[in-house]
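Residue strings, one per chain:
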Amino acid sequence: MTSTPDHANSHRTVNSDRTVNSDRSTARIAVIGGGLEGLATAWALAERGETDVLVLERATVCSGMTAKSSGIVRCHYGVPTLAAMAHYGTQIFDAAQDVLGTDIGFHRTGYVVGVGDENVTALDTNLAMHRDLGIDATRINEDSVHELWPGLDTATFAAFAHEPNGGHGDAYLTGTAFAAAARRAGIRIRQNTLVTALTTAADGTVTGVRCTGGDEISCDTVVLANGVWSPHLAEQVGVALPIRAQREAILLVDRGEPTRDVPVFSDLVNLQYLRGEPNGALLVGNSDHSTPEFADPDGYLDRATDNVVTYGIERLMALLPDMPDPRLASSYAGCYDVTPDYNPIIGPSPVPGLFLAVGFSGHGFKISPAVGRLAADLLLDGVSSDPAVDASVFRYSRFDEGRPLVSDNPYVGAGEMR
Ligand SMILES: Cc1cc2nc3c(=O)[nH]c(=O)nc-3n(C[C@H](O)[C@H](O)[C@H](O)COP(=O)(O)OP(=O)(O)OC[C@H]3O[C@@H](n4cnc5c(N)ncnc54)[C@H](O)[C@@H]3O)c2cc1C
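Residues numbered from 1 in each chain as written. Predicted model: local features only at pLDDT ≥ 70, side-chain atom pairs only at ≥ 80, totals over all residues. Heavy atoms only, no water.

As recorded in an unreviewed UniProt entry, the chain goes by the name Sarcosine oxidase beta subunit, listed as coming from Rhodococcus rhodnii LMG 5362.

Here it is as structure tokens:
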């Protein structure tokens, strides 16, 4: 990995005198990747008045891993900056009709997390941190859990926390809402445009991109926001991204009765999460990353294997023993763009002209509005505008420094619950 002693030295903020750019071959900022994070960045730049931005998407917007997202929204993190970012996310999701001009499919069902004996202290410490950030998060007892989630077996848990403002959203609708809002403000989005190379000046500064067909676009800054596909382009300019594609399967279970209006449940004993689907099915995901399966993001098995189905259903039966007639309705899979600490890289790269918004490691939906805001702040001003959001925690150099971003109060056995 290329390292830089002074992270900020490689960063150029973007000069922002505003004019409409009708030239197809230039932009102040070119964003590679029209997924949630690239589009949130474009939207936030537009909100800040910077509209000379061109988003380049190889297929259609939100056709990448965003389309696979479970869309779970919670502020329950052990890293204060991430909790603050998720908190901002809930505010934008709640106000989407006003802020983005459209419904984005956010269901404020609430969020409940259950932990075992060994994690009660960490839970309480995290909750205190959340409340300091203004997040509505409290301990609740078993009776309250039974009221919120009828049928849930609470015997294996020692404590529960509840966030009434959590829930689940639709990542595809959210991303396309960012795109529409950005476009209305004048930002250009070019679909079916694969970026094949980064172009550079003699001193190595990134000066633009080359697309299929040989089209070149020159710009002040390139934002790399193409998720699991990002390492290849970064490598061309000597930036080694420690990102791998980790395949994760999602199960859709018909319980034999519809699942409606229940909170998202995060089971930190058996490491699974559940939420209701609008059609009454139950969406079940895995949060055990102890044996990751790395995959080719352009050629992975798009369903759960028999082993995963068997193990997933076993864990689910332990949690919901009284399902009337449970059966697997369907399954699919997606790939997380995981970094070694399961947290993103947001900020300038060691190479001038290249900015990184990658490595969201399976939790980039809930923080996406804040990712856009932070990326725009760093691109335009070089600093975060939110005192609760410390941009330095996402620096690229943290891996080489041996200072990964980890929870202040980690859960035993659930280390990747950031
Ligand atoms: C199965 C699954 C479940 C998840 N569940 C949750 C959840 O419950 N809660 C949560 O907060 N997060 C969740 N996430 C994570 C979240 O959905 C992702 O972090 C987020 O959607 C990633 O957005 P992105 O823009 O980084 O990547 P993507 O959506 O993958 O977008 C990258 C885009 O770049 C384009 N691209 C690639 N290469 C090029 C190129 N060379 N030129 C031009 N375009 C290119 C791709 O076509 C793609 O559209 C989940 C993710 C998965 C896979």
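Draft legend 1. The arrangement of the overall build of the chain in detail. The number of helices and strands found in the chain is 9 helices and 18 strands. In summary, the chain has a C-alpha radius of gyration of 21 Å against a globular reference of 22 Å for 418 residues, a match within 12%. Its C-alpha atoms put the chain at 65 × 40 × 40 Å along the principal axes. Restricting the contact set of the chain to residue pairs at least 6 apart, pairs at least 24 apart contribute 75%. When the accessible surface of the chain is summed, it comes to about 16,300 Å², and 48% of that surface belongs to carbon and sulfur atoms. (Helix = DSSP H or I, 4+ residues; strand = E, 2+ residues; numbered from the N terminus. Rg over C-alpha atoms; globule rule 2.2 N^0.38 Å. Contact = heavy atoms within 4.5 Å. Areas by Shrake-Rupley, 256 points an atom, 1.4 Å probe, with all protein chains shown as cover.)

Draft legend 2. Structural context of the state of the cysteines. Applying the stated criterion across every chain, the model contains 0 disulfides. Of the cysteine sulfurs around cysteine 62, a residue in no disulfide, the closest is that of cysteine 335, at 17 Å. (Disulfide = S-S within 2.5 Å.)

Draft legend 3. Geometry of the packing of aromatic side chains. Going through the model one piece at a time under the given rule, you end up with 5 aromatic pairs. Consider the rings of phenylalanine 157 and phenylalanine 265, whose centres lie 5.5 Å apart with planes at 85°: the pair is edge-to-face. Separated by 108 residues along the polypeptide, phenylalanine 157 in the loop between α5 (142-148) and β6 (159-163) and phenylalanine 265 in strand β13 (residues 264-267) bring together distant segments of the chain. When its relative accessible area of 0% is taken as the criterion, phenylalanine 265 is described as buried. Three or more aromatic residues joined by ring pairs form one cluster here, namely Phe93, Phe106 and Phe365. Arginine 58 extends its terminal NZ or CZ atom over the ring of tryptophan 229, reaching a point 4.4 Å from the ring centre. Directly above the ring of tyrosine 77 sits arginine 74, whose terminal nitrogen or CZ lies 4.5 Å from the centroid. (Phe/Tyr/Trp six-rings, centres within 6.5 Å; stacked < 30°, edge-to-face > 60°. Buried < 20%, exposed > 50% of the residue type's maximum accessible area, 1.4 Å probe, protein only. Lys NZ or Arg CZ within 6 Å of the ring centre and 35° of its normal.)

Draft legend 4. The site of the ligand, seen in detail. Not every one of the 32 residues close to the ligand is listed here, only the nearest: Glu57, Thr66, Ser69, Ile72 and Lys366. The backbone of leucine 36 places a nitrogen or oxygen atom 3.1 Å from an oxygen atom of the ligand. About the coverage of the ligand: the protein hides 97% of its 1,000 Å² of free accessible area. For the shell around the ligand, the secondary-structure elements that each account for two or more residues are α1 (36-47) and β16 (327-338). (Near = heavy atom within 4 Å. Polar contact = N/O pair within 3.5 Å; in protein donor to acceptor, adjacent residues only side chain to side chain.)

Draft legend 5. Region of interest: unusual backbone geometry. Not every positive phi belongs to a glycine, and cysteine 62 is a case in point at roughly 65°. Mapping cysteine 62 onto the fold places it in the loop between β2 (53-56) and β3 (72-73). For cysteine 62, a relative accessible area of 1% puts it in the buried group. Located in the positive-phi region is serine 361, a residue other than glycine, with phi close to 55°. Secondary-structure assignment places serine 361 in the loop between β18 (354-358) and α9 (368-380).

Draft legend 6. Representation of helix α8 (residues 306-319) within the structure. Relative to the 20 Å expected for 14 residues at 1.5 Å per residue, α8 spans 20 Å between its end C-alpha atoms, a close match to the ideal helical length. All of the buried residues along α8 are Val309, Gly312, Arg315, Leu316 and Leu319. Burial along α8 is one-sided: seen end-on, the buried residues are contained in an arc of 140°. Exposed residues lying more than 90 degrees from the buried face of α8 are Asp306, Asn307 and Glu314. Elements that come into contact with the buried residues of α8 comprise β12 (244-254), β13, β14 (272-276), β15 (282-286) and β16. (Expected span 1.5 Å × (residues − 1). Arc of directions from axis to C-beta.)

Draft legend 7. Spatial organisation of the sheet that holds β13. Spatial ordering of the open sheet is given by β5-β6-β4-β13-β14-β15-β12-β16, a layout of 8 strands whose pairing is mixed. This sheet does not close on itself; its edge strands, each paired only once, are β5 (138-140) and β16. In this sheet, neighbouring strand axes are inclined to one another by 25° on average, regardless of whether the strands run parallel or antiparallel. In the sheet, β12 pairs with β16 via 11 bridges, with the strands oriented antiparallel. Paired with glutamine 246 across the strands is tyrosine 336, a residue of β16. Sheet strands in contact with helix α4 (residues 120-132) are β4 (111-115), β5 and β6, and its direction is about 140° off that of β5. The strands that α8 touches are β12, β13, β14, β15 and β16; relative to β12, the one it contacts most, it runs at about 55°. (Pairing = 2+ DSSP bridges. Axes fitted to C-alpha atoms, helices over the stretch in contact; angles between N-to-C directions.)

Draft legend 8. Inspection of the domain arrangement of the chain at higher detail. According to the domain assignment, the chain consists of domain 1 (7-66 + 172-241 + 341-398) and domain 2 (109-164 + 244-338). Between the C-alpha centres of domain 1 and domain 2 there is a distance of 32 Å. Every contact between the two is made by 12 residues of domain 1 and, on the other side, 13 residues of domain 2. For the domain 1 and domain 2 pair, buried surface summed over both sides reaches about 940 Å², with 61% attributable to carbon and sulfur atoms. Looking at the side of domain 1 facing domain 2, the largest losses of area belong to Met65, Val228 and Tyr342, adding up to 54% of the total buried there. For the interface between domain 1 and domain 2, the tally reads 1 salt bridge. Note that aspartate 298 is salt-bridged to arginine 58, the shortest N-O span being 3.2 Å. The interface formed by domain 1 and domain 2 contains 6 residue pairs in polar contact (both at pLDDT 80 or more). (Domains from an automatic or database assignment. Buried area = accessible area lost by both parts, 1.4 Å probe. Salt bridge = Lys/Arg side-chain N within 4 Å of Asp/Glu carboxyl O.)

Draft legend 9. How the structure looks around the confidence of the model for the chain. On average, residues of the chain score 94 in pLDDT, and 94% of them are at 70 or above. The least confident element of the chain, judged by mean pLDDT, is α8 at 94; the most confident is β18 at 99. Confidence drops under a pLDDT of 50 for residues 1-12, and excluding neighbours within four residues, the segment shows 35 contacts in the predicted structure. (pLDDT = per-residue confidence, 0-100.)

Draft legend 10. Molecular detail of α9. For α9, built from 13 residues, the straight-helix expectation of 18 Å at 1.5 Å per residue is met to within 8% by its first-to-last C-alpha distance of 18 Å. Of all 13 residues that make up α9, 13 are buried, and the element is covered over most of its length. Taken from the residues just after α9, glycine 382 is the one with a positive phi, measuring 85°.

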